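Structural characterization, general
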Amino acid sequence: MFNTFKNLLYLKENQLTMKKNILFIFLFFTFLSFSQNTYTVDNRTGSIADYTDLQTAIDKVPVESILIVHGSTTSYGSINISKKIIIKGTGYFLDENSKTQSNVNSSKLGGVYFRAGASGAIITGLDIEPVIIYDEVSNVSILRNRIKYIKDENEKGTNILVSNNFIYSSFKTNPNSSATSTGILLSDSKITGNIIISRVTGRRLELTNNILSGNVIHGNYMYNSIIKNNVYKTGLYDSSASFSNTIKNNIIKSTVDQTGSDGNIYKSSIDNLFINSTDSRYTSDGRYILKNGSIAIGAGENGVDVGPFGGGYKLSGIPDIPNIYEFIVPTTGYTNDGIQVKVKIKSNN
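Read on for a plain summary of the structure.

**Examining the overall build of the chain**
Assigned secondary structure in the chain consists of three helices and 26 strands. Per-residue burial over the chain gives 48% buried out of 349 residues. Across the chain, contacts joining residues at least 24 apart in sequence account for 42% of those joining residues at least 6 apart.

See below:
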């Protein structure tokens with residue numbers, strides 16, 4: 001694969017038709033060792049991908065295949081997942097953070113619906129409307145995506161991993177009502193390292209290293225859960241010990257500055273934990289990076305940082321494959337010896 005990559009960097013003058021193909025390959029991944037079960041999806045005009053329609057790709061490829069979904073200005077629409085499969089996009093906020101992708105369009109989807117048979121599926125690096133679990137599935141991983149909200153419609157999902165996502169909204173409790181509910185509704189699952197512009201509800205959850213704007217943790221909203229190393233921007237309410245939540249090492253918005261039990265810290269101002277608006281990293285998700293001297297540094301259980309970056313959050317949700325963040329093909333200067341192409345690559349994990 002490396003020799004192929006090296007040879008592609010130089011184009012013969014009589015091989016200029018390869019330029020389009022190379023641009024396609026390098027717009028967001030390279031050095032990827034393609035296996036027989038890795039396929040590309042691109043809905044842009046003139047695509048040379050394996051598929052142009054994502055749902056068709058999901059339906060046709062074998063179980064445990066990997067689908068690489070290219071960035072586009074056009075949504076790939078809503079999809080149903082009913083098999084164990086891995087879907088990887090380009091990330092989000094690509095035009096805000098540095099060294100993301102040479103193509104700053106995200107892999108946009110409508111709803112992602114997990115159906116029977118989807119146990120073990122993984123989605124990562126996607127820009128999604130809702131994620132909804134409809135059927136009995138387990139061990140689904142939702143990693144490094146931008147998502148409107150996540151909901152287990154029938155409380156049939158178990159061991160769902162929601163990690164390092166940017167979750168930006170709530171959902172209506174009733175289609176005929178203007179009332180909205182939580183940003184994440186799950187049970188028997190792990191929610192870690194996310195930026196959540198809302199709240200989380202559910203049962204038997206492990207909720208760690210998130211930042212949350214919602215403040216309700218009691219009764220039917222959440223119980224029998226472990227809640228630690230989080231930042232609660234608008235407070236936290238747990239009305240009774242009978243709900244059996246373990247709440248420790250969180251930083252919680254409060255009217256009075258104090259250190260409570262189990263390592264919880266209450267602060268009247270939460271915003272001063274993070275970098276300020278003059279910092280070059282002050283982007284839609286970068287604004288939650290802890291500033292130098294923040295009390296959140298090392299304040300979590302076992303000395304980890306409180307908040308999403310202490311839980312492994314990656315700016316722009318770049319997936320765990322190398323990405324090209326700069327790709328330059330000169331428009332002049334072709335010779336019989338070829339043309340030099342400039343490529344800048346960053347590895348990710």
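Moving on from the coordinates now.
**Focus: the pairing of strand 9 (residues 146-152)**
Counted residue by residue, strand 9 has five buried out of seven residues, so it is predominantly covered. Pairing of strand 7 (residues 127-133) with strand 9 involves six bridges; the strand directions are parallel. For I128, the partnering residue across the bridge sits in strand 9 and is I147. For strand 9 and strand 11 (residues 166-167), the ladder comprises two bridges, and the chain directions are parallel. For R146, the partnering residue across the bridge sits in strand 11 and is F166. Pairing analysis gives two bridges linking strand 9 to strand 12 (residues 184-187), with the strands arranged parallel. Looking at the pairing, I150 lines up with I184 of strand 12.

**Points about the packing of aromatic side chains**
The way to describe two aromatic rings as a pair is by their centre distance and the angle between their planes. Under the defined criterion, the tally for this structure stands at six aromatic pairs. Seen in terms of ring centroids, Y92 and F93 are 5.1 Å apart; in terms of plane orientation they differ by 80°. Their pairing is edge-to-face. The residues Y92 and F93 share a single accessibility class, namely buried. Consider the rings of F309 and Y313, whose centres lie 5.3 Å apart with planes at 75°: the pair is edge-to-face. What links up through ring pairs into an aromatic cluster is the set Y92, F93 and F166. The residue whose ring lies beneath R146 is Y168, and the NZ or CZ to ring-centre distance is 4.1 Å. Between R287 and the ring centre of Y282, over which it is positioned, the NZ or CZ distance is 4.6 Å.

**Side note on the pairing of strand 12**
Within a regular beta strand, the side chains point alternately toward one face of the sheet and then the other, so they alternate between its two faces. Summarising the sheet, strand 12 and strand 15 (residues 200-203) pair through four bridges and their orientation is parallel. Paired with L186 across the strands is G202, a residue of strand 15.

**Points about the nonpolar core**
If you look at the biggest cluster of nonpolar residues, it comprises 45 residues, and the most contacted ones within it are L67, I81, I87, F114, I123 and I142. Elements supplying a minimum of two residues to this core: strand 1 (38-41), helix 3 (54-60), strand 2 (66-69), strand 3 (79-81), strand 5 (112-114), strand 7, strand 9 and strand 12. Those residues in contact with I81 that lie beyond four places of it in its chain are I58, I87, V112, Y113, F114, R115, A118, A121 and I123. Formed by 17 residues, the second largest nonpolar core is a distinct cluster that contains F93, I211, I265 and A296.

**Points about the pattern of salt bridges**
Taken as a whole and judged by the stated rule, the model has 12 salt bridges. For E64, the salt bridge is made with K84, and the minimal N-O distance between the two is 3.5 Å. Pair noted here: E64 is in the loop between helix 3 and strand 2 and K84 is in the loop between strand 3 and strand 4 (86-88), with a separation of 20 residues, a long-range link. On the basis of relative accessibility, which here comes to 45%, the residue E64 falls in the partly exposed class. A relative accessible area of 36% places K84 in the partly exposed class. A salt bridge links D279 to R281, with the shortest nitrogen-to-oxygen separation between them at 3.1 Å.

**Some points on the sheet that holds strand 2**
Strand order in the open sheet formed by 10 strands is 1-2-4-6-8-10-13-16-19-21, and the pairing between neighbours is parallel. Of all the strands in the sheet, just strand 1 and strand 21 (246-248) have a single pairing partner and so form its edges. Between one strand and the next, the sheet's axes are offset by a mean angle of 10°, whatever the strand orientation. Here strand 4 runs beside strand 6 (residues 122-124); their pairing, made up of three bridges, is parallel. By the bridge assignment, K88 is partnered in strand 6 with T124.

What counts and what doesn't
- Residues numbered from 1 in each chain as written.
- Predicted model: local features only at pLDDT ≥ 70, side-chain atom pairs only at ≥ 80, totals over all residues.
- Heavy atoms only, no water.
- Helix = DSSP H or I, 4+ residues; strand = E, 2+ residues; numbered from the N terminus.
- Buried < 20%, exposed > 50% of the residue type's maximum accessible area, 1.4 Å probe, protein only.
- Contact = heavy atoms within 4.5 Å.
- Pairing = 2+ DSSP bridges.
- Phe/Tyr/Trp six-rings, centres within 6.5 Å; stacked < 30°, edge-to-face > 60°.
- Lys NZ or Arg CZ within 6 Å of the ring centre and 35° of its normal.
- Core = buried A, V, L, I, M, F, W, Y, C linked by side-chain atoms within 4.5 Å.
- Salt bridge = Lys/Arg side-chain N within 4 Å of Asp/Glu carboxyl O.
- Axes fitted to C-alpha atoms, helices over the stretch in contact; angles between N-to-C directions.

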